Amino acid sequence: MPREETGNQVNRRRFFTSAAAASAGLALTPTLAEAVPGQETAPPPGNLVDVTLTVNGTSRTLRVDPRVTLLDAARERLNLTGTKKGCDRGQCGACTVHVDGRRVLSCLTLAAAADGKKVTTVEGLERDGELHPVQEAFIECDGFQCGFCTSGQIMSAVALLREGRARTDDEVREAMSGNICRCGAYANIVDAVQHARSCGKAI
């Protein structure tokens, strides 16, 4: 026969059952620090900063959370989605842009840190409707497959050609080693860089 429960045992069971239910409810309730799907978590009032950037030749002023990266500012606030969010950890190079002419990983660069500086994304390379020589070279040499990393590859290639270094194939591979191509199109990427160098057009 089942053992008869005392009042104390029943109270303890009810207590633990209620505590478990309450814990489950708290776990499912988003906290103030968590983002609700489909909603942008608003920063505390007064914590926004004004950032002025010259993006692809146009002055843009944004009011952003100080923690916003240059990558997110470009994609979500300026609608410049050519810059890709890959690893978001500075390991793949898909988010490469130029800040004052130097290549940077925009996922590791705060938008506020670029205040007052010139930012160039892949959208800013073409001139008067004509592709940049490096963009043309990537097409000519088939330097991409899925294309996700291509904008970062192109931005790195433009920078290293402007720097006037990395002339041999091995030097190009070393200079581009921070840009990962998961499709493995490295041989064609090197060919594209060298083709752009030899085409004689202004980089």
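Rules of the game
Residues numbered from 1 in each chain as written. Predicted model: local features only at pLDDT ≥ 70, side-chain atom pairs only at ≥ 80, totals over all residues. Heavy atoms only, no water. Pairing = 2+ DSSP bridges. Helix = DSSP H or I, 4+ residues; strand = E, 2+ residues; numbered from the N terminus. Buried < 20%, exposed > 50% of the residue type's maximum accessible area, 1.4 Å probe, protein only. Contact = heavy atoms within 4.5 Å. Expected span 1.5 Å × (residues − 1). Core = buried A, V, L, I, M, F, W, Y, C linked by side-chain atoms within 4.5 Å. Disulfide = S-S within 2.5 Å.

(A) Molecular detail of the pairing of strand 1 (residues 49-55). Sheet analysis places strand 1 next to strand 2 (residues 58-64), joined by 7 bridges and oriented antiparallel. Across the sheet, residue Val55 finds its bridge partner in strand 2, namely Thr58. Here strand 1 folds back onto strand 2 in antiparallel fashion, the turn holding 2 residues, of which Asn56 has a positive phi close to 50°. Sheet topology note: the strand 1/strand 5 (residues 118-120) ladder contains 2 bridges and is parallel. Pairing of Thr54 across the sheet is with Lys118, part of strand 5.

(B) Structural view of helix 2 (residues 70-77). Among the residues of helix 2, Leu70, Leu71, Asp72, Ala73 and Ala74 are the ones counted as buried. Lining the buried residues of helix 2 we find strand 1, strand 2, strand 3 (96-99) and strand 5. Two residues or fewer past helix 2, Asn79 is found with a positive phi of approximately 60°.

(C) Inspection of unusual backbone geometry at higher detail. Phi is positive for Asn79, close to 60°, though the residue is something other than glycine. Checked against the element boundaries, Asn79 lands in the loop between helix 2 and strand 3. Within the chain, Ala166 stands out as a residue other than glycine whose phi angle is a positive 60°. Mapped onto the elements, Ala166 comes out in the loop between helix 4 (150-163) and helix 5 (169-175).

(D) Examining helix 6 (residues 186-198) more closely. Between the first and last C-alpha of helix 6 there are 18 Å, a value that for 13 residues agrees with the 18 Å anticipated at 1.5 Å per step. Turning to helix 6, its buried residues number three or more, namely Ile189, Val190, Ala192, Val193, Gln194 and Ala196. Next to the buried residues of helix 6 lie helix 3 (133-140), helix 4 and helix 5.

(E) Expanded view of the pairing of strand 3. Here strand 3 shows two buried faces, one formed by Thr96 and His98 and the other by Val97 and Val99. The sheet contact formed by strand 3 and strand 4 (residues 102-105) spans 4 bridges and is antiparallel. Its bridge partner being in strand 4, Val97 is matched across the sheet by Val104. Once strand 3 ends, the chain turns through 2 residues before running back antiparallel as strand 4, passing Asp100 with a positive phi of about 50°.

(F) Examining the nonpolar core more closely. If you look at the biggest cluster of nonpolar residues, it comprises 24 residues, and the most contacted ones within it are Val134, Phe138 and Leu160. Those elements that place two or more of their residues in this core are helix 3, helix 4, helix 5 and helix 6. Ranked by residue count, the leading element in this core is helix 4, at 6 residues. Apart from residues no more than four positions distant in its own chain, Leu160 is found in contact with Arg103, Arg165, Ala166, Ala175, Met176, Val193 and Arg197. If you look at the next biggest cluster of nonpolar residues, it comprises 15 residues, including Leu78, Leu80, Val99 and Val119.

(G) Representation of the state of the cysteines. Within this structure, the stated rule accounts for 0 disulfides. Unpaired in terms of disulfides, Cys181 finds its nearest cysteine sulfur in Cys149, a separation of 4.1 Å.

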